[in-house]
Structures are given as structure tokens and as C-alpha cells.
Amino acid sequence: MATSGDAIRHLWTHKTQDHPWLADEELVIERAEGVHVWTERGKKLIDGFAGLAVVNVGHGRREIAEAIAEQTVRLAYYPTTRQFSNRPAAELAAKIASLTPGDLDYSFFAVSGAEANERAMQMARHYWLASGKPGKHKVISLQGGYHGGTTGTFAVCGLPHLTAAYTDLHVPGFTKVAPPYPFRDRGTGTDEALVQRRARELREAIVKEGPETVSAVIMEPVISSGGFIMPPIGWLRAVRAICDELEVLMIADEVITGFGRTGR
Ligand SMILES: Cc1ncc(COP(=O)(O)O)c(C=O)c1O
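The text that follows walks through the structure, step by step, so that each part is easy to find. No experiment lies behind these values; they were computed from the predicted model shown.

**Observations concerning the environment of Ala205**
As for its placement among the helices and strands, Ala205 is situated in helix α9 (residues 191-209). With relative accessibility at 10%, the residue Ala205 sits in the buried group. Along the chain, Ala205 and Gly144 lie 61 residues apart, while their C-alpha atoms are 16 Å from each other. Discounting residues that sit within four places of it in the chain, Ala205 has contacts with Thr175 and Val177.

**Focus: empty space enclosed by the protein**
Applying the stated rule across the entire model yields one cavity of 30 Å³ or more. Computed from the structure, the largest cavity encloses a volume of approximately 50 Å³. What lines the largest cavity is Leu142, Pro179, Pro180, Glu220, Pro221, Ile223, Ile229, Pro231 and Trp235. Within the lining of the largest cavity, the residues separate by chemical class into eight nonpolar, no polar and one charged.

**Remarks on the layout of surface pockets**
As a volume, the largest pocket reaches approximately 2,600 Å³. Lining the largest pocket are 50 residues, with Thr100, Leu104, Ala252, Glu254 and Phe259 positioned closest to its centre. Of all the secondary-structure elements, those providing two or more residues to the lining of the largest pocket are α4 (87-99), α5 (113-130), α10 (235-246) and β7 (249-252). Top element by residues in the lining of the largest pocket is α5. It accounts for seven residues.

**Some remarks on the sheet that holds strand β2 (residues 36-39)**
As summarised here, the arrangement of the three strands in space is β1-β2-β3, forming an open sheet in which the pairing is antiparallel. Two strands in the sheet have a free side with no partner beyond their single neighbour: β1 (29-33) and β3 (44-46). Averaged over all adjacent pairs, the angle separating strand axes in this sheet is 30°, with direction ignored.

**Brief notes about the nonpolar core**
Among the nonpolar cores identified, the biggest contains 21 residues, and Ile140, Leu202, Ile206, Val217, Trp235, Val239 and Val248 are the most heavily contacted of them. At the level of secondary structure, the elements contributing two or more residues to this core comprise β4 (138-142), α9, β6 (214-219) and α10. Looking at this core element by element, the count peaks at six residues for α10. Discounting residues that sit within four places of it in the chain, Trp235 has contacts with Leu142, Pro180, Val195, Arg198, Ala199 and Met219. With nine residues, the next largest nonpolar core counts Ala155, Val156, Ala216 and Ile218 among its residues.

**A word on the site of the ligand**
Close to the ligand lie Ser112, Gly113, Ala114, Asn117, Tyr146, His147, Gly148, Glu220, Asp253, Val255 and Ile256. With respect to the ligand, the backbone of Tyr146 contributes an N or O atom lying 3.5 Å from a nitrogen atom. In this structure, Asp253 approaches the ligand through a side-chain N or O atom, which is 2.7 Å from a nitrogen atom. When the ligand is considered free in solution it has 390 Å² of accessible area, and contact with the protein chains removes 81% of it. Among the residues forming the shell around the ligand, the class breakdown is four nonpolar, five polar and two charged.

**Examining the pattern of salt bridges**
Enumeration over the complete set of coordinates arrives at twelve salt bridges. Lys133 is the partner of Glu247 in a salt bridge, and the nearest nitrogen-oxygen pair spans 2.6 Å. Of this pair, Glu247 sits in the loop between α10 and β7 while Lys133 sits in the loop between α5 and β4, placing them 114 residues apart in sequence. Judged by its relative accessible area of 40%, Glu247 is partly exposed. Here Glu209 and Lys138 are joined by a salt bridge, their closest N and O atoms 2.8 Å apart. Taken together, the positions of Glu209 in helix α9 and Lys138 in strand β4 put the pair 71 residues apart, joining distant regions of the chain.

**Quick look at the pairing of β4**
Both faces of the sheet carry side chains from a regular strand, because those side chains alternate between them. Burial analysis of β4 places five of its five residues in the buried class, which makes it a mostly covered element. The alternating pattern of β4 places Lys138, Ile140 and Leu142 on one face and Val139 and Ser141 on the opposite face, and all of these are buried.

**Notes on the packing of aromatic side chains**
Tallied over the entire structure, the rule returns four aromatic pairs. Look at Tyr127 and Trp128: their rings are 4.8 Å apart centre to centre, the planes differ by 80°, and that puts the pair in the edge-to-face class. By relative accessible area, Tyr127 is classed as partly exposed at 44%. A cation over a ring is seen here: Arg31 above Trp38, with NZ or CZ 4.2 Å from the ring centre. One residue, Lys136, lies across the ring of Trp128, its end atom 4.6 Å from the ring centre.

Definitions and cut-offs
- Residues numbered from 1 in each chain as written.
- Predicted model: local features only at pLDDT ≥ 70, side-chain atom pairs only at ≥ 80, totals over all residues.
- Heavy atoms only, no water.
- Helix = DSSP H or I, 4+ residues; strand = E, 2+ residues; numbered from the N terminus.
- Buried < 20%, exposed > 50% of the residue type's maximum accessible area, 1.4 Å probe, protein only.
- Contact = heavy atoms within 4.5 Å.
- 1 Å grid on protein atoms, 1.4 Å probe; cavity = no way out; pocket = protein on both sides within 12 Å on 5 of 7 lines; lining within 4 Å.
- Points joined across faces, edges and corners; volume = space filled by probe spheres on them.
- Nonpolar A, V, L, I, M, F, W, Y, C, P; charged D, E, K, R; others polar.
- Pairing = 2+ DSSP bridges.
- Axes fitted to C-alpha atoms, helices over the stretch in contact; angles between N-to-C directions.
- Core = buried A, V, L, I, M, F, W, Y, C linked by side-chain atoms within 4.5 Å.
- Near = heavy atom within 4 Å.
- Polar contact = N/O pair within 3.5 Å; in protein donor to acceptor, adjacent residues only side chain to side chain.
- Areas by Shrake-Rupley, 256 points an atom, 1.4 Å probe, with all protein chains shown as cover.
- Salt bridge = Lys/Arg side-chain N within 4 Å of Asp/Glu carboxyl O.
- Phe/Tyr/Trp six-rings, centres within 6.5 Å; stacked < 30°, edge-to-face > 60°.
- Lys NZ or Arg CZ within 6 Å of the ring centre and 35° of its normal.

Here it is, written out as C-alpha cells:
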């Protein structure tokens with residue numbers, strides 16, 4: 001049965017804070033399988049979006065649906081709050097610890113990418129409080145970067161057209177620096193020179209703010225919403241070195257690039 005226009009008018013879709021009720025009756029998605037989705041009106045589309053870059057393994061995987069059904073009957077929900085936990089959450093955390101490199105041994109589960117980034121910025125803040133450096137609170141990010149649609153993540157968002165209405169809510173000092181963008185900025189130079197230039201600018205931005213006030217640098221390894229900007233090899237290593245030198249934490253927002261999405 002097709003959704004009536006009236007029903008759609010009650011659904012306020014995301015990213016339309018300023019103009020509700022724009023859902024398109026042609027784009028009511030009803031079912032999916034593999035890489036395809038079907039609209040209620042029977043149109044088959046390739047889901048190049050993978051949900052919202054979250055359906056990594058394809059739509060309609062029966063074994064996942066069955067595992068969810070089984071778990072839902074046994075225990076549909078219990079929070080992992082303070083001393084409480086549950087077995088599936090712990091097992092997933094242990095699995096992630098076995099897959100991630102180095103000493104990345106803990107997982108803190110959040111309900112969205114935006115919340116994950118907000119929690120990461122909060123953890124960075126607590127790290128500095130616990131280290132006796134309470135002045136460190138600012139977070140430096142990249143122009144073109146996107147970290148979620150909440151007020152906290154808009155403070156580090158490098159896409160001004162998304163955040164313009166909320167700038168009065170943001171605290172000063174959350175500087176945005178340019179990422180290395182070979183296609184637009186390399187010119188006749190080399191990737192290496194571009195990385196050095198952008199790394200120097202990042203370093204200067206932290207020094208200008210005062211490293212004693214800067215808590216973290218947050219960045220997407222590959223900028224996604226801002227135009228799929230693939231940085232040259234060496235950029236992340238250069239950022240890591242600057243963060244180590246100036247005692248600033250580095251937060252990698254891999255909401256779009258993590259866990260197999262780049263093919264690795
Ligand atoms: C890099 C990045 N970080 C964070 C987010 C926010 O994720 P969510 O929409 O789940 O809050 C997105 C969403 O597209 C994203 O692209």
C-alpha cells in the first residue's frame with residue numbers, strides 16, 4: 001500500500017530544520033536486497049548511498065536479521081551505563097579490540113556518529129583534566145570536515161553553509177584549517193610539498209591558539225561530505241607528529257571511512 005501524501009506530511013526529515021515536510025512521495029523506500037532498494041511505487045534503485053554509508057554488508061542479510069531476532073527475544077535492550085553491561089556489547093568490544101591496531105583496546109558504543117564524536121571530544125577533555133592541564137579545551141578541525149549534525153559537532157564542522165545559523169552558539173577558538181587537497185591546491189608542486197604546507201598551517205594554528213588551550217585535533221582521514229578529498233600519503237603521519245610535539249590529542253573520525261568502507 002502506498003503511503004499517502006498526508007502521512008508523509010507528518011514526517012520531518014533530517015537536514016531540513018528550516019523547511020519541514022519535503023519528503024518526496026517518489027522516494028518512499030519500501031524494501032531492499034543486496035545493493036538495491038525498491039520504492040513503494042515499485043521503482044528499483046541502486047543504493048549508492050548504502051543506507052547512509054552504514055549498510056556495509058548489503059541489505060537483507062538473513063543471518064543478521066535472525067541474530068537480531070534471537071537477541072531481541074532474550075534481551076532487547078539494557079544500557080551499558082556505569083556498572084551495567086551485557087554480553088553482546090562486551091563481545092563486540094572484545095572483537096573490535098582484536099581487529100584494531102596498537103593499544104586501541106576499548107570501545108564506547110554510541111547511537112550515532114555525531115554522538116561518537118561528541119564523546120571523543122569529551123574524553124579528550126577529561127584526559128587533560130586528569131593530566132592536570134585544565135586549560136586544554138579547544139578542538140581544531142578541517143575546513144570541509146563534517147562530524148555530525150548536533151550543536152557540539154557543528155562547533156568543529158568545516159562546512160559553513162550547514163552551521164551559519166548556529167554560529168552564536170559556538171565558543172571561540174575552535175579554528176578550522178585547510179586540508180591538503182591535491183586536485184585543487186597542489187599546483188605545479190608535489191604532494192609532499194602540499195603536505196608540508198598544510199601541516200605547517202595546522203601547527204601555526206595550534207601555536208596561535210596556544211597549545212596549552214588546545215585539547216584535540218579532529219579530522220576525517222578522507223573528507224567525505226566536504227567533497228571526498230583524498231589526502232596525499234604522509235598527511236596523517238604529519239598530523240600525528242604535530243599533535244605529539246604540541247601535546248594535543250588526535251581524533252580520527254572514521255564514521256565514513258572505518259571498518260571496511262575503504263575496501264580494507
Ligand atoms: C565523517 C562523519 N562523521 C560523523 C557523521 C555523523 O554521523 P551520524 O549521522 O550517525 O550522527 C557523519 C555523517 O554523515 C560523517 O560523514
